[in-house]
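Coordinate analysis (summary)
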2 protein chains.
Amino acid sequence: MEAAKILIDGQWRDADAESTFHAENPATGEKLAIAFPVSKWTDCDLALEAASKAAKELRNLSHEAIATFLETYAANIESAADGLVAAAREETALPIAPRLKDVELPRTTNQLRQAAAAAREESWKRATLDLERNIRSYFAPIGPVVVFGPNNFPFAFNGISGGDFAAAIAVGNPVIAKAHPLHPNTSRLLAEQALRAVQSTGFPTGAVQMLYAVSNENGLKLVSDPRVGAVGFTGSKGAGLHLKRAAEDAGKPIYLEMSSINPVIFLPGALADEQERLARELVDSCLAGAGQFCTSPNLVVLWEGPATEVFLAFVARAFGERSSHALLSSTGRKQLHAGVTALIDASAELVTGGNPVEGAAVRYENTLLRASAKQFLVRPHELQREVFGNVTMALTVANLSELEAVLDKLEGNLTGTIYSSKTSADDEIYNAIEPLLREKVGRLLNDKMPTGVAVSPAMNHGGPYPATSHPGFTSVGIPGSLTRFAMLQSYDGVREDRLPPILRDKISNPNAWRSIDGAWVKG
Amino acid sequence: MEAAKILIDGQWRDADAESTFHAENPATGEKLAIAFPVSKWTDCDLALEAASKAAKELRNLSHEAIATFLETYAANIESAADGLVAAAREETALPIAPRLKDVELPRTTNQLRQAAAAAREESWKRATLDLERNIRSYFAPIGPVVVFGPNNFPFAFNGISGGDFAAAIAVGNPVIAKAHPLHPNTSRLLAEQALRAVQSTGFPTGAVQMLYAVSNENGLKLVSDPRVGAVGFTGSKGAGLHLKRAAEDAGKPIYLEMSSINPVIFLPGALADEQERLARELVDSCLAGAGQFCTSPNLVVLWEGPATEVFLAFVARAFGERSSHALLSSTGRKQLHAGVTALIDASAELVTGGNPVEGAAVRYENTLLRASAKQFLVRPHELQREVFGNVTMALTVANLSELEAVLDKLEGNLTGTIYSSKTSADDEIYNAIEPLLREKVGRLLNDKMPTGVAVSPAMNHGGPYPATSHPGFTSVGIPGSLTRFAMLQSYDGVREDRLPPILRDKISNPNAWRSIDGAWVKG
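Each chain has its residues counted from 1, following the order in which its sequence is written. Throughout, the order in which chains and ligands are written sets their labels, letters from A for the former and numbers from 1 for the latter. Confidence filtering applies because this is a predicted model: local features only for residues at pLDDT of at least 70, side-chain atom pairs given and counted only at 80 or more, and all residues used for totals across whole chains, interfaces and linings. Side-chain measures were taken over the full set of non-hydrogen atoms in the model, leaving aside hydrogen atoms and water.

**A look at the overall build of chain A**
Numbered from the N terminus, helices here are DSSP runs of H or I no shorter than four residues, and strands are runs of E no shorter than two. On a plain count of helices and strands, chain A comes out with 15 helices and 25 strands. Evaluated residue by residue, chain A yields a buried proportion of 63% over its 523 residues. Residue contacts are counted whenever heavy atoms from the two residues lie within 4.5 Å of one another. Sequence separation of at least 24 residues holds for 75% of the intrachain contacts in chain A that already meet a minimum separation of 6. Using the Shrake-Rupley algorithm and a 1.4 Å probe, accessible areas are obtained, with residue cover drawn only from the displayed protein chains. As displayed, chain A has an accessible area near 17500 Å², and 52% of this comes from carbon and sulfur atoms. Only four residue types enter the tally: Lys and Arg on the positive side, Asp and Glu on the negative side; His and the chain ends are excluded. Think of each charge as sitting on NZ of Lys, CZ of Arg, CG of Asp or CD of Glu. Between the averaged position of the 50 positive side-chain charges in chain A and that of its 59 negative side-chain charges there is a distance of 4 Å. Throughout this description, buried means an accessible area under 20% of the type-specific maximum (1.4 Å probe, protein chains only), exposed means over 50%, and partly exposed covers the range between.

Structure, rendered in structure tokens:
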């Protein structure tokens, strides 16, 4: 059977394939019908050539045209929602509702529209004018962006429709999307809608391209190609670190989101107040999407004592009672099981779960482990291993100084959460541990689970290594996520009529905020 | 003789030295008296421990205290100016005036004071409030910063007093400065003034530390140490790339400024108007500080023809007539000569100069080379080699398409300059080449030389690789240079009284700009 076509320079064309692959339906274990190509370098080269051309064309396009493309694409996705949701459901086994149809798809179109609004407003460019010296600067497109999307968000982080895509396009960069091999058909259907938007808005044909897969070797070659401006990657640490080194050795900015165990700390006063409600909140957060979120709480820290035992008994019971959801892939299940085994080998105790669920669907028992701070401090690296799925580990501490020692050993994470008493009962402990946790995480939460990631200008979906590759950037939140794909350009003594419109004395865009001689001014 | 002491945690202490070294006076070729230690790892470890402690102390210090330290240090430098200038003169042979005393030293204290003002104002933190969702973010200190200063600015880029130092401290990070081995005594005298400021303002003792030298191996270990937050480096590409890989493999942000040939393009109309004035401007720029500026014009692009021959004859004559200034070191002279030889080997023609000047002082003849675009296009990599010193290469192009081909092969640079006719005579060519040049350079200039780098909020002293390691950041310009040493921290649902003051509903600092629900607001 013929393999699906790749999207190159506005055309669906036959890949120069070195092999083909099929996705599977994790709900049934079945191999799906469509064959998808693993592209040889010739395909990458074609995409890079077209993207280089498109980068130049995009520079001559108005911000309005970029916004219109993004909005048209969002509307196209909505009009094709049923087919997209069905394809994503088949390839990922994620629930249709609540999730694919009513949460993730609207989130995706919302991101595209927010990116359009940012492109139209232009404030993200941070135009800075030093009028006396006639020096002016702003953020401009960085060049073609290669986006590797993850397995767990077939729409909202997809290389051809997700946050990195929206950010890179809003800046004015072409995108070469590398579809995730677990949901190639969903990616194909999204790319069809993107292409429709390209055609109907007259967008540069090389601005939106997609390959399904490349060899590891060609992946490294792709991210380090001179024609590339920057790279966005969301996925596993193993793959990420290889791409990171290749891109960085070539001097290419690469933004990776790789791993996070998202510690959630329950201070004694919080548990004293309401063990059961909090336990339910934790269980909901751990098991949502079978725990396959980058912000899933993998490490739950509690004070040794009776309240914690009641709490954990509730969690264990709920884990046992709730049916476990299908995982994204059988490979993922193998890795999950290997992770659980590694935690046990590193001295964690298995409380409940710990085995694959028999049957056609790719399921794993909801799994709770536990360890003490003393054990953690003997093997801090091994016991903070990320296990991607419906698994969490409780860590009990005997006192504040143990908790401080644990936090001192904590690696970089996307989030860190502290639940504390509604009164001031926990304030002393909070004040002692907050600075330790704060410097290890991109987002600090109080009294709520970290699994929700709002698309807010104040969001930081980022954090210190190894959660991401640079703690100064966020991959969610607009306009913050855009500057990752921009370069700073300064104009020194350049004649007024040669300046980009946004840097001229007279403002071209009444909605853009600019920093003029140290003051932020609009219009 | 005993080696100079290193500055660790507020104390001058004996280094654990593996060897010692001496600086030389490039004006006389003499070895200078003071021995300076090459520190073993134990010294690095002590500095890292003290810096970690200081990072925590700095978090509890007010922005006012940080500003006061920077201002006190600036005043101390001024009070010690004569000794500092004499030491720098002895170690670098740079002129006292115009340069060390009346340009570089005031620039240095001005940078420290601008950094103080930025610390006091807090706008650099880009506090962002999403009031409805109660999500808030800002830029916070990244942790201890290791700063490697370059050879060519003993004050303004010194690891213990320069732009990276000022930026890192203003953010609230401790600095471990690695003095440049060509001016250790200047660095020592600066550190004395820094220590006085630490003592008189009660600043954390581990916030300002200095080593003179470490082995390459320990340098790599230092930048990749878990206690380090980020690294600033200005220097050669060779050393920079080794540090880059070590830091990046450890997940540490490293900002490097490495090499740049700063193309200056004279369009036909510019030369037609005033060959002699422009030639003088170029000569002044090329020979200032013996061309030892990161923004020195190493590549001058001209249209083939009689005007260019007149222009180049003037430049050649001036190069021959003006006495060449002492270089920073005999090693630098060797590298310079090797660079000239390599350019000649790559087909460049030697017009004038090309030899070391006999005598005790470390001098090299002012050197002009030339090549055609046709030659350049055969060996683009070899013919855009940076040669650090009083050397420049003229490149003649026959027509626009040759120039476009040259620009297409150009690597990343800090600056790019276009001189054009005061009338519209060159507009067509300008419009054709500007986009090609623009994407290769951090700062684009019109009608003036790139050697001046104003400390302006709109400055970009940065650019695409290999000029720097990331095109989104500048090392000169405040507040822009500060965010390199900051991490993004988001607060999600955190109780009001637990927020950093700048993120609370009620503004703590009436001078800070904050982005509240999409609008920039002050006070």
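**Re the pattern of salt bridges**
Salt bridges are defined as contacts in which a side-chain nitrogen from Lys or Arg sits within 4 Å of a carboxyl oxygen from Asp or Glu. By the definition in use, this model includes 62 salt bridges over all chains. Put simply, Arg227(A) and Asp225(A) hold a salt bridge, and the shortest N to O gap is 2.8 Å. On the basis of relative accessible area, Arg227(A) is assigned to the partly exposed category, the value being 21%. The shortest N-O distance in the salt bridge between Arg188(B) and Glu192(B) comes to 3.2 Å. Note that Arg188(B) and Glu192(B) are positioned in helix 6 (residues 184-201) at a spacing of four residues, about one turn of the helix. A residue is classified by how much of its surface remains accessible, and Glu192(B), at 31% relative accessible area, is partly exposed.

**Here's the deal with the confidence of the model for chain A**
Confidence per residue, as judged by the predictor, is encoded in pLDDT with a range of 0 to 100. The pLDDT averaged across chain A works out to 97; a share of 100% of its residues lies at or above 70. Reported confidence for the predicted complex is 0.97 by ipTM and 0.98 by pTM.

**Things to note about the sheet that holds strand 24 (residues 513-516) of chain B**
Within a sheet, each strand pairs with its neighbour through backbone hydrogen bonds, oriented either parallel or antiparallel. Strands are treated as partners if at least two bridges between them are detected by DSSP. The strand order 16(A)-19(A)-20(A)-15(A)-14(A)-21(A)-22(A)-23(B)-8(B)-7(B)-24(B)-25(B) describes an open sheet built from twelve strands, whose pairing is mixed. Looking at which strands have only one partner, the edges of the open sheet turn out to be strand 16 (349-352) of chain A together with strand 25 (519-522) of chain B. Averaged over all adjacent pairs, the angle separating strand axes in this sheet is 25°, with direction ignored. Summarising the sheet, strand 21 (residues 413-419) of chain A and strand 22 (residues 441-446) of chain A pair through five bridges and their orientation is parallel. Its bridge partner being in strand 22 of chain A, Thr417(A) is matched across the sheet by Leu445(A). Simply put, an axis is a line fit to the C-alpha atoms, just over the touching stretch for a helix, and the angle between two N-to-C directions goes from 0 to 180 degrees.

**Considering the packing of aromatic side chains**
Whether two aromatic rings pair depends on their centres lying within 6.5 Å, for rings of Phe, Tyr and Trp, where Trp uses its six-membered ring; planes under 30 degrees apart make the pair stacked, over 60 edge-to-face, and the rest tilted. This structure, assessed with the given rule, holds 28 aromatic pairs over all chains. A centroid spacing of 5.2 Å and a plane angle of 45° characterise the contact between Phe153(A) and Phe157(A), whose relative ring orientation is tilted. Each of the two residues, Phe153(A) as well as Phe157(A), counts as buried. A network of ring pairs unites the aromatic residues Tyr255(A), Phe473(A), Phe485(A), Tyr255(B), Phe473(B) and Phe485(B) as a single cluster. Over a ring means this: the NZ of a Lys or the CZ of an Arg is within 6 Å of the ring centre and within 35 degrees of the ring normal. The ring of Tyr430(B) carries Arg498(A) above its face, with NZ or CZ at 3.6 Å from the centroid. For Arg438(B), the ring lying beneath its charged end belongs to Tyr491(A), and the centroid distance is 4.5 Å.

**Concerning helix 1 (residues 41-59) of chain B**
Residues and elements named next belong to chain B. A helix is expected to span 1.5 Å multiplied by its residue count minus one. If you check helix 1, its first and last C-alpha atoms are 27 Å apart, about what 19 residues at 1.5 Å a residue would give, namely 27 Å. When we look at burial in helix 1, the residues that qualify are Trp 41, Asp 43, Cys 44, Ala 47, Leu 48, Ala 50, Ala 51, Ala 54, Ala 55 and Leu 58. The elements touched by buried residues of helix 1 are strand 1 (6-8), strand 6 (36-39), strand 10 (175-178), strand 11 (208-211) and helix 7 (216-223).

**Points about the side chain of Ser475(A)**
All names here are of chain A. With respect to the element layout, Ser 475 can be found in the loop between strand 22 and strand 23 (486-492). Given a relative accessible area of 12%, Ser 475 falls into the buried group. What Ser 475 contacts, discounting residues up to four positions off in sequence, is Phe 157, Asp 164, Glu 257, His 461, Ser 481 and Arg 484.

**Thoughts on the sheet that holds strand 16 (residues 349-352) of chain B**
Ordered in space as 25(A)-24(A)-7(A)-8(A)-23(A)-22(B)-21(B)-14(B)-15(B)-20(B)-19(B)-16(B), the twelve strands form an open sheet in which the pairing is mixed. This sheet does not close on itself; its edge strands, each paired only once, are strand 25 (519-522) of chain A together with strand 16 of chain B. Strand-to-strand twist across the sheet, computed as the mean angle between neighbouring axes with direction ignored, equals 25°. Against the sheet, helix 12 (residues 330-345) of chain B touches strand 16, strand 19 (367-372) and strand 20 (391-397) of chain B, its axis set at about 25° to strand 19 of chain B.

**Side note on the relation of the copies chain B and chain A**
For this overlay, a least-squares fit was computed on C-alpha atoms, restricted to residues scoring pLDDT of at least 70 in both copies. Once chain B is rotated about the relating axis by 180° and shifted along it by 0.0 Å, it coincides with chain A to within an RMSD of 0.0 Å. In the structure described here, the two chain copies are related by an operation that fits a two-fold rotation axis. No C-alpha of chain B approaches the rotation axis more nearly than that of Trp520(B), which lies at 3.1 Å. Most of the interface of chain B is mirrored in chain A, where 99% of its interface residues again form contacts.

**Remarks on the packing of helix 3 (residues 81-92) of chain B against helix 4 (residues 96-121) of chain B**
Residues and elements named next belong to chain B. Contact geometry for helix 3 and helix 4: axes closest at 11 Å, N-to-C directions at 130°. As summarised for this structure, helix 3 and helix 4 are arranged oblique, according to the angle between their axes. Like other packed secondary-structure pairs, helix 3 and helix 4 cross with a definite hand, here right-handed. Judged by residue contacts, Ala 81, Asp 82, Leu 84, Val 85, Ala 88, Arg 89 and Thr 92 of helix 3 engage Ile 96, Leu 100, Lys 101 and Leu 105 from helix 4. Throughout this entry, Asp, Glu, Lys and Arg are counted as charged residues, while Ala, Val, Leu, Ile, Met, Phe, Trp, Tyr, Cys and Pro are counted as nonpolar. The remaining residues, Gly among them, count as polar. Its residues assigned to classes, the contact of helix 3 with helix 4 comprises seven nonpolar, one polar and three charged. Each angle gets one of four labels, with under 35 degrees taken as roughly parallel, over 145 as roughly antiparallel, 65 to 115 as roughly perpendicular, and the rest as oblique. Definitions for this section: a left-handed crossing has its near helix turned counterclockwise from the far helix by less than a right angle. A right-handed crossing has that turn clockwise.

**Topic: the interface of chain B and chain A**
Residue-level contacts link 67 residues of chain B with 66 residues of chain A. Summing the contributions of chain B and of chain A, the shared interface buries around 5600 Å²; its carbon and sulfur component is 48%. If you sort the residues of chain B by the area they bury against chain A, Asp492(B), Arg498(B) and Trp520(B) come out on top, with a joint share of 12%. Put simply, chain B and chain A have twelve salt bridges between them. The partner of Asp249(B) in a salt bridge is Arg245(A), and the shortest N-O contact between them spans 2.4 Å. Nitrogen and oxygen atoms within 3.5 Å of one another constitute a polar contact, given that in protein one can donate a hydrogen and the other can accept it, and given that sequence-neighbouring residues count only through two side-chain atoms. Our count for the contact surface shared by chain B and chain A stands at 46 residue pairs in polar contact (both at pLDDT 80 or more). Residue assignment for the side of chain B that touches chain A shows that the elements contributing at least two residues are helix 1, strand 7 (128-130), strand 8 (135-141), helix 8 (237-249), helix 15 (427-438), strand 22 (441-446), strand 23 (486-492) and strand 25 of chain B. Tallying contributions element by element places strand 23 of chain B first for the side of chain B that touches chain A, with seven residues. Note on definitions: buried area is the accessible-area loss of two parts on being combined, 1.4 Å probe, summed for both.

**Section: unusual backbone geometry**
Trans peptide bonds make up most of the peptide bonds, and negative phi angles are found at most residues other than glycine. Residues and elements named next belong to chain B. Cis geometry marks the peptide bond from Ala 97 to Pro 98; its omega dihedral reads -5°. Looking at where Pro 98 falls in the secondary structure, it is placed in helix 4. Residue Ile 478 is joined to Pro 479 through a cis peptide bond whose omega torsion reads 15°. Structurally, Pro 479 can be placed in the loop between strand 22 and strand 23. Despite not being glycine, Asp 9 shows a phi value in the positive range, around 50°.

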